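Below are the chains, spelled out letter by letter.
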Amino acid sequence: MNSYSLDYIDDLYVQYVRDPSSVSETWRQYFEQFLVGAGAPIQTTAAGSAGVTAGSSRTRSSGPVGGSTPVAAGNGVAAKGNGVASGPLPAGSTGDQNVDQALWLARIQDRIDQLVREYRVRGHLIANLDPLGLFEHACPELSPQSHGLSDQDLARPFDSSILENVSGSTLDVILKKLQQTYCRSIGAQFMHIDNRNIRDWLQRRMETTENRLDLSHERQRRLYTRLADASIFEEFVRRKFVGAKTFSLEGAESLIPLLDLALEKAGQHKVQEVVMGMAHRGRLNVMANILKKRAMNIFWSFDDPTPELSRGGGDVRYHLGYSSDWLTASGDKLHISLCFNPSHLEFVNTVAQGRCRCKQDNRGDTARKEVMTILIHGDAAFAGEGIVQETLNLSELPGYRTGGTLHVVINNQVGFTTEPQEGRSTTYATDVAKMLQIPIFHVNGEDPEAVAQVVSLAMDFRKEFQRDVVIDLYAYRRWGHNEGDEPRFTQPKMYAEIDRRPGVRQQYLNRLLKLGKITEEEAEQISKERTEKLESEFAASKNESFVPDTQTLAANWLAYFGGKEPTESTDTTIEVKKLSELLDSLTRLPEDFSQHKKLKRPMAQRREMAEDQRPLDWAAAEAAAFASLLDEGHPIRMTGQDCQRGTFSHRHAVLHDTKNGETYTPLQNLSEGQARLELYNSPLSEAGVLGFEYGYSLDCPDGLCVWEAQFGDFWNVAQVIVDQFIASAEDKWDRLSGLTMLLPHGFEGQGPEHCSARVERFLAMAAEDNIQICQPTTPAQLFHMLRRQVIRKWRKPLIALTPKSLLRHPEVTSPLEIVAGGSFQKILPDRKVPLESARRLLFCTGKIYYDLLQHRQENGIENVPIMRVEQLYPLALEELMATLEGLPDGTEIRWVQDEPTNMGAWPYMKLKFGDELNERFRLSRASRTESASPSTGSMAAHKLEQADLIEAAFEGLS
């Protein structure tokens, strides 16, 4: 019901007053409800009959008593002002004073209901959110006058049942309750939520308490103590390490009691683990006061006394992670993990979410209640970084749900030097979160008790609905972006106000002193204890014998290791009979399952492969690798855009019944004791999803974690995840990952963005055996590469360049026996051409091998062996040289690649070997000419270039 329906309601009300039985029971109850609230007569018989009335005597006059002028049916918006009714009834009157009075009451009640709604929708705009008073909004919709209500109406009683826990109140009381609930230190945005049950729950929780938490003396003291912890730590560090970068929390110290209360609530909700992600602002404070990292370890890092231990590795102190146990006041224990985070602010979001999801899966927590994520953001980054939207979008998707995340935005009200009006197009930094059906709570960071209320409400919401929730903590930066920055260059007005303000701890202390909740002596004792403890820790960090604590890998990682690639081979074989059984089981469908007719033939062919009547193709080898790992107890998680079917219609891991649309996944139906399989089509996201899967891999050392790009090129959207996490995490943070990236790669005339997985970029990042880069060219190689990734205990991310056209190439097959009994070969030698007779040796990797092979066969060339490098990194130099035994010294070795000269593996090979390989063989190349773009967009041009390339590989040999 709204103002657009008033004419209709007027007509109904005229009918009701004249004869209550002429309207439906629902409308009769509605009209009676507001009449009782307003103290007006209830019509029980037809107009003109003796009726039974209810309400106060002062409302039984024949017309309105003071207040707004009554408006007859169809007359529109009421006049403003005093408007005491006198003389004849207005134009449009029904001629019946009882009817006119009832219509007037109906209209004014509707305006009050609209006013209540306006406060719920827009009350946050005039709330006292900004400690600095810089955030101001005019909102005329919240004035009674804008709804046709006058000052005289303030004292009139009206129906207030639309509000929680209020009945029979005057307009003045209603207004005060609305202002206390929605316009004090908390601004709530929740009316965008479509689900009425959720809105009603939030209204009930806020309006019954006026959004105020009744804190005991003990809890107020705890609030103050946690504020003291935060502010004294910052003051101490600033005093001891003058000019050092700490990215101080000063101005937003309320974050520490906020997190303290959130963890306490989490314990009450039976949460067992919390995964946290945050950028550098306040990170040291959080580590010291929430994760309980010994201050001496933090202080030691400022002096950096052992530079020789960090040559080429490690990370700055405000990027490091930490984990510890938290004991709540009620005795519940939670494990907290703060994720390592590079400088790219928000990109840790989905990494933390992936870790949370994996921890839930490891526990068998399918209800997503035992592990939760807390993400701490900056205001400018939350509004500006697209990864935030990707993170929010994942929150309700089946493959990525974690049961609700607590988002805390530390609102500095400036991004480095950029004002909000220059950094976002929205009212709030958090407006992107309105894409979800979740509440957003804005809170004044200088009102710790309001912060406490918001945390309690937010955590209870998360538990009740298992959805994300956002707290926008309005604060400021006392010292600028970092301690070496001068913020007054660009924000002089803001910092003039900041310079005048006492800290939030002092302000809250003043309030508690005034209320008699704490004494000066108690406050001084709290400060003294914390300062003395920090002094003690500082002294200990200066001791020459001090050795800082180091955190090792978690218990589930004890059997795994990083470092250099081991030289011993890994047994990835499987009995032929077992492999045959697994392959056959993947072809068995429920009897009532209606299979797509085009899949019947490949399914029959796979059954032939299982019976060793046909060699395995690429899809069968992959499925066999997955099945064997699941059967051996290794969980598998695979996500990517369209990965269930496969972009090139080769996988069909999830089958769809053509009649009812239901799905069946053969890999999930191997045996009762098989390991967990998660196979999800991802949203159209690369950075967010790859970050999620990387995070998942951090807590899944015994499983196969796979992300597949729709085309290999698309990982460039997730460059940050690769650069700052996947490629460098071991070197920076001593963290291992076995994540596998499957990147379809191959120059086949599909244009610049559908050909190259940009192997040159991975090779540029490859050092210290940090990643594996492989390009398998046979199904057997794929099978053993995937099994090796899980079976051997050496854990490194795997970049696998997978084919497109080769998925159905007649030459790209492997016999069942070779698949079962072989192993992954880093170098595949040419078994058909003896090296002793070679005039030139061609080295290559990937699809071009089959193009070269075809040319050699078609032209009867018998003196050019072709060798394949299946593992580009770490490059197996000893194996490489061993394959060249018998090749005459001085023989030319030509590296052949599809990619332009400045791309592909050639720049890496050239840098590695120069003009000669082991001082015995001349090294040259055949490739496309250097180019700014990976390939042409013309199929005809592609074919010309490919023919020229193949000719160049064999030129001069006829």
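Worth saying up front: this structure is predicted, and the values here are computed from it rather than measured.

Q: Tell me what's going on with the overall build of the protein, and back it up with residues and numbers.
A: Counting its regular elements, the protein contains 30 helices and 23 strands. In the protein, 79% of the contacts between residues at least 6 apart in sequence involve partners at least 24 apart. Surface exposure of the protein reaches about 39100 Å², of which carbon and sulfur atoms provide 48%. Taking the average place of the 107 positive charges on the side chains of the protein and the average place of its 130 negative ones, the gap between the two points comes to 2 Å.

Q: I'd like a rundown of the confidence of the model for the protein, residues and numbers included.
A: Detail in the predicted coordinates should be disregarded across regions flagged by low pLDDT. Mean pLDDT over the protein works out to 89, with 91% of the residues at or above the 70 mark. Within the model, the stretch residues 46-92 combines pLDDT values under 50 with 99 contacts to residues more than four positions away or in other chains.

Q: Which residues make up the sheet that holds strand β19 (residues 866-869), and what values go with them?
A: Across the sheet, which stays open at both edges, the six strands sit in the order β17-β19-β18-β21-β23-β22 with mixed pairing between neighbours. With partners counted over all chains shown, the strands left at the sheet margins are β17 (827-828) and β22 (916-917), one partner each. When β22 meets strand β23 (residues 921-928), the two strands line up antiparallel, connected through two bridges. If you follow Leu-917 over to β23, its bridge partner there is Phe-921. Together, β21 (892-900), β22 and β23 form the strand contacts of helix α29 (residues 906-913), whose direction differs from that of β23 by roughly 165 degrees.

Q: Tell me what's going on with helix α20 (residues 618-631), and back it up with residues and numbers.
A: With 14 residues, α20 extends 20 Å from end C-alpha to end C-alpha; this agrees with the ideal 20 Å at 1.5 Å per step. Phi turns positive, to about 95 degrees, at Gly-633, one or two residues after α20.

Q: How would you sum up the side chain of Thr-802? Please name residues and give values.
A: Relative to the elements of secondary structure, Thr-802 occurs in strand β16 (residues 798-802). Taking the relative accessible area as the measure of exposure, Thr-802 reaches 8% and is therefore buried.

Q: Describe the sheet that holds strand β3 (residues 322-327), and please don't skip the residues or the numbers.
A: In space, the eight strands of this open sheet follow the order β1-β7-β8-β6-β5-β2-β4-β3, with mixed pairing throughout. Lying at the two open borders of the sheet, with one neighbouring strand each, are β1 (186-189) and β3. The mean angle between the axes of side-by-side strands here comes to 20 degrees, regardless of whether they run parallel or antiparallel.

Q: Give me the lowdown on helix α18 (residues 576-585), citing residues and values where you can.
A: Taken as a whole, α18 has its buried residues at Leu-579, Ser-580, Leu-582, Leu-583 and Ser-585. Those residues of α18 that are buried lie in contact with α19 (597-610), α20, α25 (779-791) and α26 (816-821).

Q: Could you give me a rundown of the nonpolar core, with the residues and numbers involved?
A: Core analysis: the biggest nonpolar cluster contains 106 residues, and Ile-374 and Leu-406 have the highest contact counts within it. When residues no more than four places from it in sequence are discounted, the contact partners of Ile-374 are Leu-259, Ala-262, Leu-263, Val-274, Val-275, Met-276, Gly-277 and Leu-406. In terms of nonpolar packing, the next biggest core, distinct from the first, is built from 72 residues, Tyr-696, Leu-698, Leu-739 and Val-869 among them.

Q: So, the packing of α18 against α19: which residues are in play, and what are the values?
A: Running from N to C, α18 and α19 point in directions that differ by 165 degrees, and their axes come no closer than 8 Å. Classified by the angle between their axes, α18 and α19 sit roughly antiparallel to one another. For the pair α18 and α19, the sense of crossing is left-handed. Along its contact with α18, which presents Ser-580, Leu-583 and Asp-584, the element α19 presents Arg-606, Arg-607, Met-609 and Ala-610.

Q: Lay out the packing of aromatic side chains with the relevant residues and their values.
A: Taken as a whole, this structure holds 21 aromatic pairs when the rule is applied. Ring geometry for Tyr-849 against Tyr-850: centres 5.0 Å apart, planes inclined by 80 degrees, an arrangement best described as edge-to-face. Under the relative-accessibility criterion, Tyr-849 is labelled buried at 9%. Residue class for Tyr-850 comes out buried when judged on its relative accessible area of 6%. Each residue in the set Phe-236, Phe-241, Phe-299, Phe-302 and Phe-538 is aromatic and connected to the rest through ring pairs, giving one cluster. Taking NZ or CZ as reference, Arg-637 lies 4.9 Å from the ring centre of Tyr-696, over its face. In this structure, Arg-868 packs its charged tip against the face of Tyr-849, placed 3.7 Å from the ring centre.

Q: Can you lay out unusual backbone geometry for me, pointing to particular residues and giving the numbers?
A: With omega at -10 degrees, the peptide bond leading from Tyr-873 into Pro-874 counts as cis. One can find Pro-874 in the loop between β20 (871-873) and α28 (877-883). In this structure, Asp-642 takes a positive phi of about 65 degrees despite not being glycine. Summarising the element assignment, Asp-642 is placed in the loop between β9 (636-640) and β10 (655-656).

Q: Explain the pattern of salt bridges to me, using residue names and the numbers behind them.
A: This model, assessed by the stated rule, comprises 59 salt bridges. When the shortest N-O distance is used, the salt bridge between Lys-804 and Glu-748 registers 3.8 Å. Highlighted residues: Lys-804 in the loop between β16 and α26 and Glu-748 in the loop between β14 (740-744) and α24 (759-765), separated in sequence by 56 residues. In this structure, Lys-804 and Glu-748 share a single accessibility class: buried. Residue Arg-920 pairs with Asp-889 through a salt bridge whose shortest N-O separation is 2.8 Å. Of this pair, Arg-920 sits in the loop between β22 and β23 while Asp-889 sits in the loop between α28 and β21, and the two are 31 residues apart along the sequence. Look at Arg-920 and you get partly exposed, because its relative accessible area is 26%.

Q: Can you explain the side chain of Thr-246? Please cite residues and give values.
A: Its place among the elements puts Thr-246 in the loop between α6 (217-240) and α7 (255-268). When sequence neighbours within four positions are dropped, the list of residues in contact with Thr-246 reads Glu-234, Val-237, His-280, Leu-284, Phe-302 and Glu-483.

Q: So, the environment of Arg-925: which residues are in play, and what are the values?
A: Note that Arg-925 resides in strand β23. By relative accessible area, which is 37% here, Arg-925 ends up partly exposed. Sequence separation of Arg-925 and Cys-844 is 81 residues, and the distance between their C-alpha atoms is 9.8 Å. Once you skip the residues sitting within four places of it in the chain, Arg-925 turns out to touch Arg-894, Trp-895, Thr-901 and Trp-906. Engagement of the side chain of Arg-925 in a polar contact is seen with the side chain of Thr-901, the distance being 3.3 Å. Polar contacts involving the side chain of Arg-925 include one to the side chain of Ser-927, which spans 3.3 Å.

Q: Residue-level account of the state of the cysteines, with values.
A: Scanning the model with the defined rule gives zero disulfides in all. Just so you know, Cys-700 is unpaired, no disulfide at all, and the nearest cysteine sulfur is the one on Cys-705, 4.0 Å from it.

Q: I'd like a rundown of the pairing of β3, residues and numbers included.
A: Here β3 shows a clear split, with Tyr-322, Ser-324 and Trp-326 buried on one side and none of Ser-323, Asp-325 and Leu-327 buried on the other. Sheet analysis places β3 next to strand β4 (residues 333-338), joined by six bridges and oriented antiparallel. Note on β4: the bridge partner recorded for Trp-326 is Leu-334. Counting the residues in the hairpin turn of β3 and β4 gives five residues, including Gly-331, whose phi is positive at 95 degrees.

Q: So what about the pairing of β14? Which residues, and what values?
A: Within β14, five of the five residues are buried, leaving the element largely enclosed by the surrounding structure. By the alternation rule, side chains of β14 split into Thr-740, Leu-742 and Pro-744 and Met-741 and Leu-743, which are all buried. In terms of strand pairing, strand β13 (residues 704-708) meets β14 through three bridges, oriented parallel. Note that in β14 the partner of Glu-708 across the bridge is Leu-742. Where β14 lies against β16, five bridges are found, and the strand directions are parallel. The residue bridging Pro-744 from the neighbouring strand is Thr-802, located in β16.

Q: So, the environment of Glu-879: which residues are in play, and what are the values?
A: The residue Glu-879 is located in helix α28 in this model. When the C-alpha positions of Glu-879 and Leu-828 are compared, they lie 9.9 Å apart, and in sequence the two are 51 residues distant. Here Glu-879 is in contact with Lys-826 and Ile-827, once residues within four sequence places are set aside.

Q: So, the environment of Glu-253: which residues are in play, and what are the values?
A: You can see Glu-253 is positioned in the loop between α6 and α7. What Glu-253 contacts, discounting residues up to four positions off in sequence, is Leu-227, Ala-230, Ser-231 and Val-504. Separated by 2.9 Å, the side chain of Glu-253 and the backbone nitrogen of Gly-251 make a polar contact.

Definitions and cut-offs
- Residues numbered from 1 in each chain as written.
- Predicted model: local features only at pLDDT ≥ 70, side-chain atom pairs only at ≥ 80, totals over all residues.
- Heavy atoms only, no water.
- Helix = DSSP H or I, 4+ residues; strand = E, 2+ residues; numbered from the N terminus.
- Contact = heavy atoms within 4.5 Å.
- Areas by Shrake-Rupley, 256 points an atom, 1.4 Å probe, with all protein chains shown as cover.
- Lys, Arg positive; Asp, Glu negative; His and termini not counted.
- Charge placed at Lys NZ, Arg CZ, Asp CG, Glu CD.
- pLDDT = per-residue confidence, 0-100.
- Pairing = 2+ DSSP bridges.
- Axes fitted to C-alpha atoms, helices over the stretch in contact; angles between N-to-C directions.
- Expected span 1.5 Å × (residues − 1).
- Buried < 20%, exposed > 50% of the residue type's maximum accessible area, 1.4 Å probe, protein only.
- Core = buried A, V, L, I, M, F, W, Y, C linked by side-chain atoms within 4.5 Å.
- Parallel < 35°, antiparallel > 145°, perpendicular 65-115°, else oblique.
- Left-handed = near helix turned anticlockwise from the far one by under 90°.
- Phe/Tyr/Trp six-rings, centres within 6.5 Å; stacked < 30°, edge-to-face > 60°.
- Lys NZ or Arg CZ within 6 Å of the ring centre and 35° of its normal.
- Salt bridge = Lys/Arg side-chain N within 4 Å of Asp/Glu carboxyl O.
- Polar contact = N/O pair within 3.5 Å; in protein donor to acceptor, adjacent residues only side chain to side chain.
- Disulfide = S-S within 2.5 Å.

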